[in-house]
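# Fold and contact review
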Amino acid sequence: MSRVSGRDRPQISLLFDPKVRSVIYQAVLLGLVGLVVYAAASNAIDNLARAKIASGFAFWNHTAGFEISQTLIAYSSQSSTYGRAFWVGLLNTLLVAGLGIAFATIIGFIVGIARLSSNWLVARLAGFYVESVRILPLLLQLLFWYNAVLKALPELRDSVVLPFGGYLNNRGLFLPRLDVAPGFDLVLAALVIAGIGAVALRLFSRVHQRRTGRRLPVVTVTLVLILTIPALVFLAAGAPVTVRYPQVGRFNISGGIEILPEFVALLVGLSIYTAAFIAEVVRAGIVAVSRGQMEAAQALGLRRGLALRLVVIPQAMRVIIPPLTNQYLNLTKNSSLAVAIGYPDFVQIFTGTVLNQTGQAIEVVALTMAVYLTISLGTSFLLNLYNARVALVER
Amino acid sequence: MNRVLTLLGIAGAAILITSASIAQTLNTVKTRGSLSCGANGQLPGFGLPDAQGNWKGFDVDYCRALAAAVFDDPNKVKFVALTAKDRFTALQSGDVDVLVRNTTWTSSRDTQLGLNATGVNYFDGQGFMVRKALKVNSALELNDAAICVQQGTTTELNLGDYFRANRMRFKTVTFASVDEALAAYDSGRCDAYTTDASGLYGVRLKLAKPDDHIVLPEIISKEPLSPFVRHGDDQWFDIVKWAHFALVNAEELAISKANVDEQIKSINPEIKRLLGAEGNFGEQLGLTKDWVYRMVKHLGNYGEIFERNIGQGSPLKITRGLNSLWTKGGLQYGMPLR
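All of these numbers come straight from a predicted model, not from anything done at the bench.

With that settled, consider the interface of chain B and chain A. Listed by partner, the interface residues are 58 residues for chain B and 58 residues for chain A. Carbon and sulfur atoms supply 56% of the area buried between chain B and chain A, which totals about 4,800 Å² over both sides. Of all the secondary structure elements, the ones that give two or more residues to the side of chain B that touches chain A are α1 (2-18), α4 (87-92), α5 (107-111), β9 (145-150), α6 (154-165), β10 (170-175) and α7 (178-186) of chain B. Looking at which element gives the most residues to the side of chain B that touches chain A, the answer is α1 of chain B, with twelve residues.

Once that is clear, we can look at the packing of aromatic side chains. As enumerated under the stated definition, the model contains 33 aromatic pairs over all chains in all. Relative to W145 of chain A, the ring of F144 of chain A lies with its centre 5.3 Å away and its plane at 70°, an arrangement referred to as edge-to-face. Classification of F144 of chain A as exposed rests on a relative accessible area of 51%. Residue class for W145 of chain A comes out partly exposed when judged on its relative accessible area of 25%. Summarising the aromatic geometry, the rings of F128 of chain B and Y162 of chain B are spaced 6.2 Å apart at their centres and angled 45° between planes, so their arrangement reads as tilted. Of the two residues, F128 of chain B is situated in strand β8 (residues 126-131) and Y162 of chain B in helix α6; the sequence distance between them amounts to 34 residues. This pair shows no difference in class: F128 of chain B is buried, exactly as Y162 of chain B is. Between R131 of chain B and the ring centre of Y185 of chain B, over which it is positioned, the NZ or CZ distance is 4.6 Å. Taking the ring centre of F306 of chain B as reference, the NZ or CZ of R320 of chain B above it sits at 5.1 Å.

All names here are of chain A. You can see T274 is positioned in helix α7 (residues 261-288). With relative accessibility at 3%, the residue T274 sits in the buried group. Taking C-alpha positions, T274 is 8.4 Å from T105, a pair spaced 169 residues apart along the chain. What T274 contacts, discounting residues up to four positions off in sequence, is A104, Q327 and L331.

Turning next to the packing of helix α3 (residues 58-71) of chain B against helix α9 (residues 234-252) of chain B. Two quantities define a packed helix pair, namely the angle between the helix axes and the distance between the axes. Residue and element names in this part refer to chain B. Remark: α3 packs on α9, axes separated minimally by 10 Å, with the N-to-C direction vectors making an angle of 105°. Taken together, the axes of α3 and α9 are roughly perpendicular relative to one another. Seen from α3, the contacting residues are Y62, A65 and L66; seen from α9, they are I239, V240, A243, H244 and L247. Residue composition of the contact of α3 with α9, by class: seven nonpolar, one polar and no charged.

Our focus in this paragraph is the state of the cysteines. All names here are of chain B. Applying the stated criterion across every chain yields a total of two disulfides over all chains. Sulfur-sulfur distance for the disulfide between C37 and C63 comes to 1.8 Å. Of this pair, C37 sits in strand β1 (residues 35-39) while C63 sits in helix α3, and the two are 26 residues apart along the sequence. The residues C37 and C63 share a single accessibility class, namely buried. Covalent S-S linkage joins C148 and C190, the inter-sulfur distance amounting to 2.0 Å.

So, on to the sheet that holds β9 of chain B. What holds strands together in a sheet is hydrogen bonding between their backbones, with the strands either parallel or antiparallel. All names here are of chain B. Taken in spatial order, the five strands make up an open sheet running β10-β9-β11-β8-β12, and their pairing is mixed. Both outer strands of the open sheet, β10 and β12 (213-215), are each paired with one neighbouring strand and no more. Between one strand and the next, the sheet's axes are offset by a mean angle of 30°, whatever the strand orientation. Sheet topology note: the β9/strand β11 (residues 192-196) ladder contains two bridges and is parallel. The partner of C148 across the bridge, within β11, is Y193. Contacts between α6 and the sheet are confined to β8, β9, β10 and β11, with β8 contributing the most and set at about 80° to the helix. Running at roughly 125° to β11, helix α8 (residues 197-204) makes contact with β8, β11 and β12 of the sheet.

Together, I12, L15, F16, I24, Y25, V28, L32 and L35 of chain A give the surface a local cluster of nonpolar side chains, amounting to about 870 Å² of exposed area. Secondary-structure assignment places V28 of chain A in helix α1 (residues 18-50).

By the definition in use, this model includes 18 salt bridges over all chains. Among the salt bridges present, the one from E280 of chain A reaches R283 of chain A, with a minimum N-O distance of 3.2 Å. Here E280 of chain A and its partner R283 of chain A are both found in helix α7, three residues apart, which amounts to about one turn of the helix. For E280 of chain A, a relative accessible area of 15% gives the class buried. Between D290 of chain B and R294 of chain B there is a salt bridge, with the nearest N and O atoms lying 3.4 Å from each other. What makes R294 of chain B buried here is its relative accessible area of 13%. A single salt-bridge network, built from bridges that share partners, covers R115, E131, R134, E280 and R283 of chain A.

With that out of the way, let us pick up the domain arrangement of chain B. Reports often express the size of an interface as the amount of accessible area lost when the parts come together. Residues and elements named next belong to chain B. Here chain B is described as being made up of domain 1 (2-123 + 225-328) and domain 2 (126-221). Taking only C-alpha atoms, the centre of domain 1 and the centre of domain 2 are 28 Å apart. Residue-level contacts link 19 residues of domain 1 with 17 residues of domain 2. With both chains or domains summed, domain 1 and domain 2 bury close to 1,300 Å², and 61% of this area falls on carbon and sulfur atoms. For the domain 1 face of the interface with domain 2, the top three residues by lost area are Q42, P44 and K85, together amounting to 34%. Summed over the shared surface of domain 1 and domain 2, the result is zero salt bridges.

Rules and cut-offs
- Residues numbered from 1 in each chain as written.
- Chains lettered and ligands numbered in written order.
- Predicted model: local features only at pLDDT ≥ 70, side-chain atom pairs only at ≥ 80, totals over all residues.
- Heavy atoms only, no water.
- Contact = heavy atoms within 4.5 Å.
- Buried area = accessible area lost by both parts, 1.4 Å probe.
- Helix = DSSP H or I, 4+ residues; strand = E, 2+ residues; numbered from the N terminus.
- Phe/Tyr/Trp six-rings, centres within 6.5 Å; stacked < 30°, edge-to-face > 60°.
- Buried < 20%, exposed > 50% of the residue type's maximum accessible area, 1.4 Å probe, protein only.
- Lys NZ or Arg CZ within 6 Å of the ring centre and 35° of its normal.
- Axes fitted to C-alpha atoms, helices over the stretch in contact; angles between N-to-C directions.
- Parallel < 35°, antiparallel > 145°, perpendicular 65-115°, else oblique.
- Nonpolar A, V, L, I, M, F, W, Y, C, P; charged D, E, K, R; others polar.
- Disulfide = S-S within 2.5 Å.
- Pairing = 2+ DSSP bridges.
- Patch = residues over 30% accessible without salt bridge, like charges linked within 9 Å, V, L, I, M, F, W, Y side chains within 5 Å.
- Areas by Shrake-Rupley, 256 points an atom, 1.4 Å probe, with all protein chains shown as cover.
- Salt bridge = Lys/Arg side-chain N within 4 Å of Asp/Glu carboxyl O.
- Domains from an automatic or database assignment.

Written as structure tokens, this is what we have:
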């Protein structure tokens, strides 16, 4: 405590010191919260023990015994464990969330820019899309997409036959699968070499532009490099892949790649819904950049597209990134609505079936929360890194 | 380690558990003035509110019978509609006093879930429903089929066992609720819908064209359906257990809703004991002497409850089969009251 200056001032009691008071308040509050948490936890543990409800994580290694319709890693209902089911569900969630984020971002940026278009029709269409999608609950939209997908597709017997041996029906989309054969690593090596070449070209073009003021056709050359070199090696190595075509059985199509209608419905629903919000975020970001920036860029002779890419968007990104992070997190969390349309996501498998079969609500719910916490923190960490890079550097 | 992880979990989950009153369910029910009953809510014949919001069904009548035994009023029940996956958590946490929701009695549910099955009120088994147009006559022809199933059920597990035992492959599409699973089956997403046979008869009525579908003859599992209560309250366990036996005994002794007022004057000592004219069996349970009289007066005996909700008096028209009295070749057997 600093001494009160001046001899005439009376010594103030510690109780009336605002700093001391705030510390006391916070300590009391913290203590109360801790007490509540402790009471709830010990009560729960006692109740579990008294009701003889199993606790602990022994179930993790027990055989699951239920089937899952989409598994990215090997899984069998008869031999795989609940722990394996956990990973299967987690991967399914990450798959739909990752693809959903990619699609939603693409659609969202296009629509957001379209809303600002000087073309009356384009701007109105984009506005109509945003407004109509935002007012409807997501669950309703998912059910709509699921039923729309299912109703629109033909029965197994009337499958649409696609080129290259694919099939489309209300059981899903079935495509031929490519299995790599020995010799395929040469193709991969060619791809890596082409990639290195592209990076080198990019560096050289930057130097070249600085020296001469001319831009090289980097994008075109990169595309040609990456596409042709591996393709040539692929042909030279004698096409080292085997194709597995889907086979039509009595009830189902097996072999090949199978894309479930549940997955498509969830992916489409999540992308369309989140894209509407991302579009607004993007629009807000672009509007936040003052008009003068665009005008100045054009005055310097940059074409409109280049001005947008090099001047406006980088500045808009500073405004866009933080709310965009929210939308990515929302999309990931919303993917748990999968349970309504039968897509085996993490919540459906783990917090649904596993919880029910084992009855260990506390452990399962705790793990579920930990998983979503990890995914959310990871996503926002990555975007915060990017945000730090594009943020205005103040000197 | 477990204790630490459990501590972490409480933030969200333990709120449920902490409100659980483990013992003294009867007192809680009496103080509250109504019974809280976990029921199905989507299954015709077993638990489904009608257009006016009145709950109807075989399981529902068991809850009403308990309310009649405690309060002499079958309407003092608050029904909580539960999905297959939520039902045990709701009971464990004390959200409902009793779970009567076509739930299969298995060892793991009896032990590790901290619950007690009180007695089989319906002997069931798992079956399949398919479209007639598929021209399938046996479940053994379902190799490679896509099957719609409700999550969190024993059906989900039996499927795996049955198909593996018969060296067949299958694909499941799993839904959280009956209605969603059924809608997917109806739209052609699956070749077959599977659940307990009793449920198949019930949900078939919900399909767009019920006559286009048939129930296959195979029963692939034992599904003894039972009410459930929490561990740790023997008095309440006894009440729910003996309510079922009393209803079966009433049928054995031909005591019905219509004649219960006559029967109470009977000289048959078994009837006198059951209806409370002699002895104090109901009081030993913590209820009144006339608890069985109350149940039968309001709801009828086991046979009446069966026929009214799922038997010949209902659209389901399920025959008694295994659920006939033991005297008529079935398995329903009321333990003696004495």
